Amino acid sequence: MFWDALWQGLIDARVAYVAGALVLLTVIARRMPPATRPRPRVPTALLVLVVVLVVATAAEVASGYDARWTMLAAQGLALISGVQIALALCFRVGLPAAGVRLPRILVDICTAAAIGVALIWIGQHAGLSVAGLITTSAVLTAVIGFALQDTLGNVMGGLALQLDQSVRVGDWIALGHGQPSGRVVEIRWRYTSIETRAWETVVVPNSMLMKGVVVVSGRRVGEPAQLRRQIDFYVDFRLPPGEVIDAVLGEVGEREVRHVARTPAPQVLLVALRDSVAHYQLRFWLTELALDEVVDSDVRVRLVYALRRRGIELAIPSQAVLLTADSEARDARLAETAASDRRATIAAVALFAGLEPAIQVALARELTAAPFTAGEVVTREGERDDSLFVIARGHARVAVAQGAASREVARLGPGDFFGEMALMTGEPRSATVVADGELRCWRIDKAAVERALTAHPALAEQLAEVLAERRVQLDAARDGGGAGKVATAKQDLMARISRFFGR
Ligand code: CMP
């Protein structure tokens, strides 16, 4: 009796079909990548419950009890489990395989609707009219209405967001101005989840997104997604603003900084003059919205170095000025230290080592500090400018373009110099020199070298010799072989130097 009832129960609850579908889903899911793989935990749990209920039904039948309701529950749960499996096969396996990706909220709503229909169907089988019950019982309708008020608000909000595309997956949004923003990762039937830059996930009910102000960062009609950032800095108000603006734009505007947009171009504004400082604002457009503070920092570093190279110091807050008692003796001491540093630098450079001390001192006076940060380009192949750099601290890599790639030809360190070729011949830079870590250089311009050449004509020959050797090396690196003759190159360079310096 028990076994017959059990067998009949398993057939009535369609356990075999549901179990078959579950096995099919599990086998297919195994072959899918873990990130998108469906995990049918709920249908499996429901199926286990169905089996338990069927066993209970058989026990009830065997002991002569009425098993109608237990069987109905088993059938109902089996139906819900089957619906869930079918939906997973359709939405998580079939449609993605066909290249169709439905918004998550649609999948959620279809699932809820299918389960609702299944429940009504079960109710009708049991002789209950769920629809009739809801429409005829005013109290029940009111209770359900109140209970679903928020949920319906969220569902409608989620659907509206999807339909009008005001907020899309991937957008960076903030709930109001000045609030922290995050990237939308999912819009579901009840909430929208947002991942912040601090690795938090914020769950926002859809109705809140509909009712409140939502700021979508970096979005402008017809433009790529990029966000304006601003960096404030202060400089002594006596410095010509044009010089400050040129120095910063020359670095951040013209040279490439990662994740800074070329259009719109960066801008520098003089925003205020007060407390003996000029307040400037560097504005740029960020292309990788996730890296806002990281790129701000990179830009700030480039700004500081660009200003230092032009001899522009960032302004010290006036409170600090009051605390630092500057004395003439202290100034003289600092100036003397700086001067002896420069003399030591000149004396350490092989090129200038043979010069008379007086010329060395004169040259040392002409040095300007030029610090660079890691990865900054000091000279760019093909560009025109005429400064010579002597490395005081750090290293630099010299590379030449070879087709689309670039090839390193030398690595220079303290005491080495570069940039002499353009300086001496007026030609465009022959190679790109990049700071390999923090790099401190001294810069000498053409006028200073011209004065040294006048005082010490043999310097031209010394320079031509180094130039010739490097030129031959460069040609070899570019052509990949056939080093030319240093002597011929030297003669040629001497002629060019004389022409350029008008001798
Ligand atoms: P310039 O052409 O003015 O700018 C790039 C500089 O790279 C160049 O001057 C040289 O100073 C330097 N340079 C080029 N080739 C070499 C090399 N083979 N070894 C060392 N430095 C080089």
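Everything discussed here concerns the structure shown above.
Residues numbered from 1 in each chain as written. Predicted model: local features only at pLDDT ≥ 70, side-chain atom pairs only at ≥ 80, totals over all residues. Heavy atoms only, no water.

Caption draft 1: Examining the sheet that holds strand β2 (residues 181-187) more closely. Here we have 5 strands laid out as an open sheet, ordered β4-β3-β2-β1-β5, and antiparallel in their pairing. Of all strands in the sheet, those bounded by a partner on one side alone are β4 (201-205) and β5 (215-217). Geometrically, the sheet is characterised by an average inter-axis angle of 40° between neighbouring strands, direction not taken into account. Here strand β1 (residues 172-174) pairs with β5 via 3 bridges, running antiparallel. Counterpart to Ala174 in the pairing with β5 is Val215. (Pairing = 2+ DSSP bridges. Helix = DSSP H or I, 4+ residues; strand = E, 2+ residues; numbered from the N terminus. Axes fitted to C-alpha atoms, helices over the stretch in contact; angles between N-to-C directions.)

Caption draft 2: Molecular detail of the packing of aromatic side chains. Counted according to the given criterion, the structure contains 4 aromatic pairs. Pairing Phe372 with Phe389 gives two aromatic rings, centres 6.1 Å apart and planes at 70°, and the pair type is edge-to-face. Placement of the pair is Phe372 in strand β9 (residues 368-372) and Phe389 in strand β11 (residues 387-402), with a sequence separation of 17 residues. This pair shows no difference in class: Phe372 is buried, exactly as Phe389 is. Here the aromatic residues Phe372, Phe389 and Phe418 are joined through ring pairs into a cluster of three or more. Here Arg197 stacks its cationic end above the ring of Trp172, 4.3 Å away from the centre of that ring. (Phe/Tyr/Trp six-rings, centres within 6.5 Å; stacked < 30°, edge-to-face > 60°. Buried < 20%, exposed > 50% of the residue type's maximum accessible area, 1.4 Å probe, protein only. Lys NZ or Arg CZ within 6 Å of the ring centre and 35° of its normal.)

Caption draft 3: Highlighting the site of the ligand. Residues in contact with the ligand amount to 16 residues; listed here are only the nearest, Gly419, Glu420, Arg429, Ser430 and Gln473. Arg470 places a polar side-chain atom, nitrogen or oxygen, 3.1 Å from an oxygen atom of the ligand. Compared with its free state, where it exposes 450 Å², the ligand has 98% of that area covered by protein. Residue composition of the shell around the ligand, grouped by class: 9 nonpolar, 4 polar and 3 charged. (Near = heavy atom within 4 Å. Polar contact = N/O pair within 3.5 Å; in protein donor to acceptor, adjacent residues only side chain to side chain. Areas by Shrake-Rupley, 256 points an atom, 1.4 Å probe, with all protein chains shown as cover. Nonpolar A, V, L, I, M, F, W, Y, C, P; charged D, E, K, R; others polar.)

Caption draft 4: Structural context of a positive patch on the surface. A cluster of basic side chains, namely Arg39, Arg41, Arg92 and Arg101, defines a positive patch on the protein surface. Tracing the backbone shows Arg41 in helix α3 (residues 41-62). Residue classification places Arg41 among the exposed positions, given a relative accessible area of 62%. (Patch = residues over 30% accessible without salt bridge, like charges linked within 9 Å, V, L, I, M, F, W, Y side chains within 5 Å. Salt bridge = Lys/Arg side-chain N within 4 Å of Asp/Glu carboxyl O. Lys, Arg positive; Asp, Glu negative; His and termini not counted. Charge placed at Lys NZ, Arg CZ, Asp CG, Glu CD.)

Caption draft 5: Just the sheet that holds strand β7 (residues 267-274), in detail. Reading across the sheet, the 3 strands line up as β6-β8-β7 and stay open at both edges, with antiparallel pairing between neighbours. Looking at strand neighbours, the two that pair on one side only are β6 (227-236) and β7, the edges of this open sheet. In this sheet, adjacent strand axes meet at a mean angle of 25° when their direction is disregarded. Pairing of β6 with strand β8 (residues 277-286), which is carried by 10 bridges, proceeds in the antiparallel orientation. Counted as the bridge partner of Gln230 is Arg283 from β8.

Caption draft 6: Representation of the pattern of salt bridges within the structure. Considering all chains together, one arrives at 19 salt bridges under this definition. With its nearest N and O atoms 2.8 Å apart, the salt bridge here joins Asp236 to Arg238. Between Glu376 and Arg309 there is a salt bridge, with its nearest N and O atoms 3.1 Å apart. Taken together, the positions of Glu376 in the loop between β9 and β10 (377-379) and Arg309 in helix α10 (residues 292-309) put the pair 67 residues apart, joining distant regions of the chain. The exposure classification of Glu376 matches that of Arg309, with both residues buried. Beyond isolated ion pairs, a larger network of salt bridges with shared partners links Arg197, Arg229, Asp292 and Asp296.

Caption draft 7: Representation of the state of the cysteines within the structure. Scanning the entire structure with this criterion turns up 0 disulfides. Its sulfur unpaired, Cys90 is 8.2 Å from the next cysteine sulfur, which belongs to Cys110. (Disulfide = S-S within 2.5 Å.)

Caption draft 8: Molecular detail of helix α1 (residues 2-12). Restricting attention to buried positions, one finds in α1 the residues Ala5, Leu6 and Gly9. Mapping the buried residues of α1 onto a view down its axis gives an arc of 100°, with all of them on the same face. In this structure, α1 carries Trp3, Asp4 and Trp7 as exposed residues pointing more than 90 degrees from its buried face. If you follow the buried residues of α1, they end up packed against α3 and α4 (68-97). (Arc of directions from axis to C-beta. Contact = heavy atoms within 4.5 Å.)

Caption draft 9: Summary view of the layout of surface pockets. By volume, the largest pocket amounts to about 710 Å³. Lining of the largest pocket is provided by 27 residues; of these, Gln84, Arg104, Asp108, Thr111 and Arg188 occupy positions nearest its centre. Taken together, the elements giving at least two residues each to the lining of the largest pocket come down to α3, α4, α5 (104-125) and α7 (138-164). Counting residues per element, the lining of the largest pocket draws most heavily on α5, at 7 residues. Of the residues in the lining of the largest pocket, the class split is 17 nonpolar, 3 polar and 7 charged. (1 Å grid on protein atoms, 1.4 Å probe; cavity = no way out; pocket = protein on both sides within 12 Å on 5 of 7 lines; lining within 4 Å. Points joined across faces, edges and corners; volume = space filled by probe spheres on them.)

Caption draft 10: Focus on the side chain of Glu420. Inspection of the secondary structure assignment puts Glu420 in helix α15 (residues 420-425). Within polar-contact distance, the side chain of Glu420 engages the side chain of Arg470 at 3.0 Å. Not counting the four nearest positions on each side in its chain, Glu420 is found in contact with Leu388, Leu463, Leu467 and Arg470.

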